[in-house]
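# Fold and geometry: a report
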Amino acid sequence: MNRFTALIYDRFLMGASQQAGLADKRRQALAAASGEVLEIGAGTGLNLAAYPRAGITRLVCTEPNAAMSSQLEARSADAPVAVEVVAASAERLPFEDASFDCVTGTLVLCEASSPPAALAEIARVLRPGGHYLFLEHVRSADHDQAQMQDRWAPIWRRVSGGCNCNRDTLATIESSPLTVEKAEIGRFPKAPKIVKPLLIGSAVLAAV
């Protein structure tokens, strides 16, 4: 995501969606977060107010974009606990194996340079029995809409700063070291049709 897109992200790209229900979907996706939590691709910090007010003992947020991380730090008071901001990509997390009880990510795998690599890193830093909580816009299960997403994908990627509108993210998670526990498809409020399908769910790292 470029600097200009980062600066207008909250007000012009996410504002209407947040007010129309995306903020509630964030709370739904993050409701089970507890213990030591890592959020990947935390962006401008729109998730911070959506975390449960109790049960989280540590919150680390990674964000590789400097323009976004500065907004994330400014919004840190919205979080239930002190926030540690780390400049890192989802594909290369600077943490020891089995460091976290929970990893979260919302609207991040659409931009990841390698979703399989990001998921492998998520599994690596999770403790056995730990959960990955996700909210992602995804490829449609409807054939005609999926073809439309494919047609628009190159243009959308350019105008959105690197977002891919046609990734089959659920299949990618299912192919990772994680086991999907629940997944449901809803609708991204106040969003273009090509990013309407919205996946909310959780996956677990099997206990040894």
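This write-up is about the structure you can find in this document. (Residues numbered from 1 in each chain as written. Predicted model: local features only at pLDDT ≥ 70, side-chain atom pairs only at ≥ 80, totals over all residues. Heavy atoms only, no water.)

### Describing the nonpolar core
For clarity, the threshold we go by: Definition of nonpolar core: a set of buried residues of the types Ala, Val, Leu, Ile, Met, Phe, Trp, Tyr and Cys, connected through side-chain atoms within 4.5 Å. Three exposure classes are used, based on accessible area relative to the maximum for each residue type with a 1.4 Å probe and protein chains only: buried under 20%, partly exposed in between, and exposed over 50%. Only runs of H or I of at least four residues qualify as helices and only runs of E of at least two qualify as strands under DSSP, and these elements are numbered from the N terminus. We call two residues in contact whenever any of their non-hydrogen atoms come within 4.5 Å of each other.
Formed by 25 residues in total, the largest nonpolar core has its most connected members in Leu38, Ile40, Val103, Ile122, Tyr132 and Leu178. Taken together, the elements giving at least two residues each to this core come down to strand 4 (100-106), helix 3 (115-125), strand 5 (126-137) and strand 7 (197-204). With 5 residues, the top contributor of residues to this core is helix 3. In this view, Ile122 contacts Ile40, Leu93, Val103, Tyr132 and Leu178; residues no more than four positions away in its chain are not counted.

### A word on the packing of aromatic side chains
Put simply, the rule is: Under the pairing criterion, centres of Phe, Tyr and Trp rings, with the six-membered ring standing for Trp, must be within 6.5 Å; the plane angle then separates stacked pairs below 30 degrees from edge-to-face pairs above 60, leaving the rest tilted.
Tallying each qualifying case throughout the model produces 2 aromatic pairs. Consider the rings of Phe95 and Phe100, whose centres lie 5.2 Å apart with planes at 85°: the pair is edge-to-face. The same class applies to Phe95 and to Phe100, which are both buried.

### Structural notes on a nonpolar patch on the surface
Stated precisely, the cut-off is as follows: Patch construction takes residues with relative accessible area above 30% that form no salt bridge. Like charges are linked within 9 Å, and nonpolar side chains (Val, Leu, Ile, Met, Phe, Trp, Tyr) are linked within 5 Å. Surface exposure here means Shrake-Rupley accessible area, sampled with a 1.4 Å probe, where a residue is shielded only by the protein chains that are shown. A pair is scored as a salt bridge if a Lys or Arg side-chain nitrogen falls within 4 Å of a carboxyl oxygen belonging to Asp or Glu.
A cluster of nonpolar side chains, contributed by Trp152, Ile155 and Val159, occupies part of the molecular surface with about 300 Å² of accessible area. Within the secondary structure layout, Val159 lies in helix 4 (residues 143-159).

### Structural notes on the pattern of salt bridges
All told, the structure shown has 9 salt bridges when counted by the stated rule. Arg27 is paired through a salt bridge with Asp24; the nearest N and O atoms lie 2.2 Å apart. Pair noted here: Arg27 and Asp24 are both in helix 1 (residues 3-30), with a separation of 3 residues, about one helical turn. Salt bridges here are not isolated pairs; linked through shared partners, they connect Glu36, Arg58, Glu84, Asp101 and Arg127.

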